[in-house]
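Examination of the molecular architecture
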Amino acid sequence: MQFNFLVMYRSHNCGELRASHINTEVTLSGWVQRVKDLGAINWVVVRDRYGLTQLVFDQERSKKELLESSQKLGREYVIQIKGTVIERESKNPNMPTGDIEVLVSELTILNKALTPPFTIEDDTDGGEDIRMKYRYLDIRRNPVKDSLIFRHKVTQEVRNYLSKEGFIEVETPYLIKSTPEGARDFVVPSRMNEGQFYALPQSPQTFKQLLMVGGMDKYFQIVKCFRDEDLRADRQPEFTQIDCEMAFIDQEDILNAFEGLTRHLLKEIKGISIDKFPRMLYDDAMRLYGNDKPDIRFGMAFGELNAVTQHKEFKVFNAAELVVGIAVPGGNKYTRKEIDKLIDWVKRPQIGALGMVYCRCNEDGSFKSSVDKFYDQDDLAKWAEVTGAKPGDLICVLSGNTNKVRAQLSALRMELAERLDLRNPDEFAPLWVIDFPLLEWDEETERYHAMHHPFTSPKPGQIDLLKTDPGAVKANAYDLVLNGNEIGGGSIRIHDKETQALMFDYLGFSEEDAKAQFGFLMDAFQYGAPPHGGLAFGLDRLVAILGGQETIRDFIAFPKNNSGRDVMIDAPAPIDDEQLEELSLKLNIKS
């Protein structure tokens, strides 16, 4: 007895047939994109992930039953056809297969389909909620399909580059121990260990450090990580990192290594050569741009105006900890109504400014401000000098608490850049931000927290400052910023037990707590831990930016919504009482 296991569903895909294939017998399979039925002739466009091909059935050349069967096809039916490639009379130059069509000789319906809840077109009529519910249909659309293919290309380039550079890909565990630092953990109850829980990793941090102790001096992993925190357009409860660690290196080695990876990706994926990766101190980033991930594709750097504004009787500025402004290029063309709308924008609760002072820089060199009662032309000329304003610009000034006003002006700067089309998605401006504070004070808990994580080393020569002025200590840490987005961050790690114990002490850990949480790492350091450090890229965000977007959702196959729910499979969801009992969990659910 013989079995034929080979089913020839297709000889070609739906995007590859050209004029050179005319008179070729072909077999195609795919989904019905659209049907145009004129009675005596019927055109059907069939689709797969490679493209579209037009099929033709007509009275003269097709059997009657075949024509009738084609007229019963609906959108998204899965079909297989056999036929002959012929020249298309009315060619479509916008379609790669637009010179040909297939005269069908056989039609097989592989699966019927319900009418989809939205059109499977590039410009769909489906809203975001319905498309997320039927994500498997949304993936058939070119924008989502192409984004997932683009992600694949980036991931392959990352793997190829790091492998050629001597990095070894190693998988680390997903079921680990919960730690109190950082964001909230997702926890997993253990059935076999009653009353005990695993946590899903926020990062493979300690494991990659242990790999350095183990002698795997160049490690990487494209790894899922999990954080139970509030969501944004660029944040998901589960996300993917390009996680890397190196031994016997210093900060310069790390920066050079991952500049190389970033250059490679920009060249191979976007065809762009980048020479310079400027470096900026964290303190300068906050002073000049109001945040630690500045977009340097455009200007509008901050100008601090205390010295040229706090000498008059304007109480708002005199009472402020910081008076700071930006020069908006060409902003003098704004009408009073448009400026009032800007003022309303900064006063929104999301921004929180109490108001905004402005100054017009006229083409004749004169100035006109909203506070002319207090400041003369010489004063306003100094505002222009400090902010770098030119004739035709508009100076926008905010004042108040230093940290708050910097954040407010940073938001205004980015909003104005959007309105002025200064954030070109095809332009790429990488930047290293270095020398972050090691610790930051938390008013609520009244203690210091690690700005990155508790394994970050202080800058060389600053460890003694931990005893006298811990807030002044700089971290041997660095972030890679691309177009105003942090795409990667890392640090040189602590690699000796004594320094690590000292760090835990300053972070408020008792000796017992430190041992309970991280004793395994401290023990490992006693067996010859090399100097080491690393960096992790956020793959989702990196791919989105390389793809010209800042929202990561379309670059993830099955994303969660803004509430952390998967509306397609309806998760998270309750579990039944029997499972709860097995896990030794009791839930008090109010009726």
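Residues numbered from 1 in each chain as written. Predicted model: local features only at pLDDT ≥ 70, side-chain atom pairs only at ≥ 80, totals over all residues. Heavy atoms only, no water.

Points about the overall build of the chain
Our working definition: A run of H or I in DSSP counts as a helix once it spans at least four residues, and a run of E counts as a strand once it spans at least two, with each numbered from the N terminus. Classification of residues uses two cut-offs on accessible area relative to the type maximum, computed with a 1.4 Å probe and protein chains only: under 20% is buried, over 50% is exposed, and between them is partly exposed. It only takes one pair of heavy atoms within 4.5 Å for two residues to be counted as in contact. All accessible areas in this document rest on Shrake-Rupley with a 1.4 Å probe, and a residue is counted as covered only by the protein chains that are shown. The positive count covers Lys and Arg only, the negative count covers Asp and Glu only, and His and the chain ends enter neither. One atom stands in for each charge, and that atom is NZ of Lys, CZ of Arg, CG of Asp or CD of Glu.
Assigned secondary structure in the chain consists of 17 helices and 22 strands. In terms of its C-alpha atoms, the chain occupies a principal-axis envelope of roughly 90 × 75 × 60 Å. Burial status across the chain gives 47% buried among its 591 residues. Sequence-distant contacts, at least 24 apart, represent 66% of the contacts inside the chain between residues at least 6 apart. Carbon and sulfur atoms form 49% of the exposed surface of the chain, whose accessible area is close to 30600 Å². Side chains of the chain give 73 positive and 93 negative charges; the mean places of these two sets differ by 4 Å.

A word on the nonpolar core
Put simply, the rule reads: Within this scheme, the nonpolar core is defined by two criteria: the residues are buried Ala, Val, Leu, Ile, Met, Phe, Trp, Tyr or Cys, and they are joined through side-chain atoms within 4.5 Å.
Counting residues in each nonpolar core, the largest one holds 40 residues, and the members touching the most others are Val-154, Leu-162, Phe-258, Trp-432 and Phe-537. Per element, the largest residue contribution to this core is seven residues, and it comes from helix α6 (residues 251-270). Not counting chain neighbours up to four residues away, the residues in contact with Trp-432 comprise Leu-255, Phe-258, Glu-259, Phe-277, Pro-278, Arg-279, Met-280, Tyr-478, Asp-479, Leu-480 and Leu-535. Counting residues in each nonpolar core, the second largest holds 26 residues, with Leu-322, Val-346, Met-356 and Tyr-358 among its members.

Quick word on the pairing of strand β9 (residues 218-226)
Put simply, the test is: Between any two strands, pairing holds if DSSP finds at least two bridges.
Counting buried residues along β9, seven of its nine residues qualify, which places the element largely inside the surrounding structure. Relative to β9, strand β6 (residues 168-169) runs parallel, the two sharing two bridges. If you follow Ile-168 over to β9, its bridge partner there is Tyr-219. Summarising the sheet, β9 and strand β10 (residues 238-247) pair through nine bridges and their orientation is antiparallel. The residue bridging Cys-225 from the neighbouring strand is Phe-239, located in β10.

Brief notes about the confidence of the model for the chain
We apply this condition: Predictor confidence is given residue by residue as pLDDT, running from a minimum of 0 to a maximum of 100.
Per-residue confidence for the chain gives a mean pLDDT of 93; residues scoring 70 or more make up 97%. Contacts of residues 1-5 to residues separated by more than four positions or lying in other chains number zero contacts, the stretch itself having pLDDT below 50.

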